[in-house]
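# Descriptive structure summary
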Amino acid sequence: MKNAFRRLEPIFNLKTPVLFAHRGGVLEAPESTFKSFKYALEIARADILEIDIQLTKDGEFVVWHGPDLDNVRIENQDNRPSKRPRNRKNIFHFEWNELNKKAWVADPKVKCLNKKRIDLSDVPMSDDRHLMLLSELLGKFPDIPINMDMKESFVRKINDSGRKNFRDNIKAFSDILRNDPGNRTIVVASATHIFIKEFRKLNGEKIPTGLSMFEQLLLKF
């Protein structure tokens, strides 16, 4: 009888309590990978996937919190992230062809280590640990609700694509969401107020959004 009185969460229309899988289970599986999202849905029985979106140097939208790649083994890069050059530490330092099926995420235990002690040489180079494009994730999990966060790299200029600022990047991001092959609810969030404001301007009420940090402060005070 108790279940009959559980209320519906108003955005995703799911019975409460609702379980979000933060990066697919950041403390339980290699974050933001197919392996972690599969674990979240099949083992943890999560209701909603929570993901973050970062841009590569050439403007591809990757499922990654980052922006650093300290827990990612990368082909042709030093397996000790502390030894990587300063211009090869973050996801926006790489073009997608340098990461596509060439970047594998370590298990969560790596996050407990001192960064100077991290050695990624034993990270398995398996398909379920690859970094993924947003479009790939949408195709692999077509009907799963998703909460996604636009991260700081949205502000970057993408020279070769003609995308000059965050507005152009958010437009390209919105186009991917409008072509989502799945049947699901997507909520877009960002701590950066101008990102959320521009996303709403482009999409109206078609795609729900979270509150920016500025809006949360307004509500509180």
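Given the structure is predicted, the values throughout are model-derived calculations rather than measurements.

On to the overall build of the protein. Across its full length, the protein carries 6 helices and 7 strands. Taken over C-alpha atoms, the radius of gyration comes to 18 Å for the protein, in line with the 17 Å a tight globule of 221 residues would show. For the protein, with 221 residues in total, the buried portion stands at 46%. Across the protein, the fraction of contacts at a sequence separation of at least 24, relative to all contacts at a separation of at least 6, is 64%. When the accessible surface of the protein is split by element, carbon and sulfur atoms take 51% of a total near 12,300 Å².

This next bit is on the pairing of strand E6 (residues 146-150). Buried residues dominate E6, accounting for 5 of its 5 residues. Of the two faces of E6, the one lined by Ile146, Met148 and Met150 and the one lined by Asn147 and Asp149 are each fully buried. Where E6 meets strand E7 (residues 186-189), 4 bridges bridge the pair, whose relative direction is parallel. Bridging across to E7, Met148 finds its partner in Val188. What joins E6 to E7 is helix H4 (residues 166-178), and the crossover it makes is right-handed.

So, on to the layout of surface pockets. Put simply, the largest pocket is a space of about 190 Å³. Taken together, 13 residues make up the lining of the largest pocket; nearest its centre are Asp68, Asp70, Asn71, Lys111 and Lys115. Residues of the lining of the largest pocket, tallied by class, amount to 4 nonpolar, 3 polar and 6 charged.

Rules of the game
All residue numbers refer to positions counted from 1 along the written sequence of the respective chain. Residue-level local features of this predicted model are given only where pLDDT is at least 70; pairs of side-chain atoms are given and counted only at 80 or more, and the full residue set underlies all totals for whole chains, interfaces and linings. Note: side-chain values were computed over all heavy atoms of the structure, leaving out hydrogens and water. A run of H or I in DSSP counts as a helix once it spans at least four residues, and a run of E counts as a strand once it spans at least two, with each numbered from the N terminus. As a reference, a globule follows 2.2 Å times the number of residues to the power 0.38, and the radius of gyration itself is taken over C-alpha atoms. Summary of the burial criterion: residues with accessible area below 20% of their type's maximum are buried, those above 50% are exposed, and those between are partly exposed, where the area comes from a 1.4 Å probe applied to protein chains only. Throughout, a contact is declared for two residues whenever any of their heavy atoms are within 4.5 Å. To be clear on the numbers: accessible area is Shrake-Rupley with a 1.4 Å probe, and residue cover counts the displayed protein chains and nothing else. Strand pairing follows a simple DSSP-based rule, namely that at least 2 bridges must link the two strands. The path from the first strand over the helix to the second decides the hand: if it runs clockwise while the strands point away from the viewer, the crossover is right-handed. Of the two site types, the cavity is a set of points on a 1 Å grid over the protein atoms alone where a 1.4 Å probe fits but cannot get out, and the pocket is an open set with protein on both sides within 12 Å along at least five of seven lines, each lined by residues with an atom within 4 Å of a point. Grid points are joined across faces, edges and corners, and a volume is the space filled by probe spheres set on the points. When residue character is reported, Ala, Val, Leu, Ile, Met, Phe, Trp, Tyr, Cys and Pro are called nonpolar, Asp, Glu, Lys and Arg charged, and the others, Gly included, polar.

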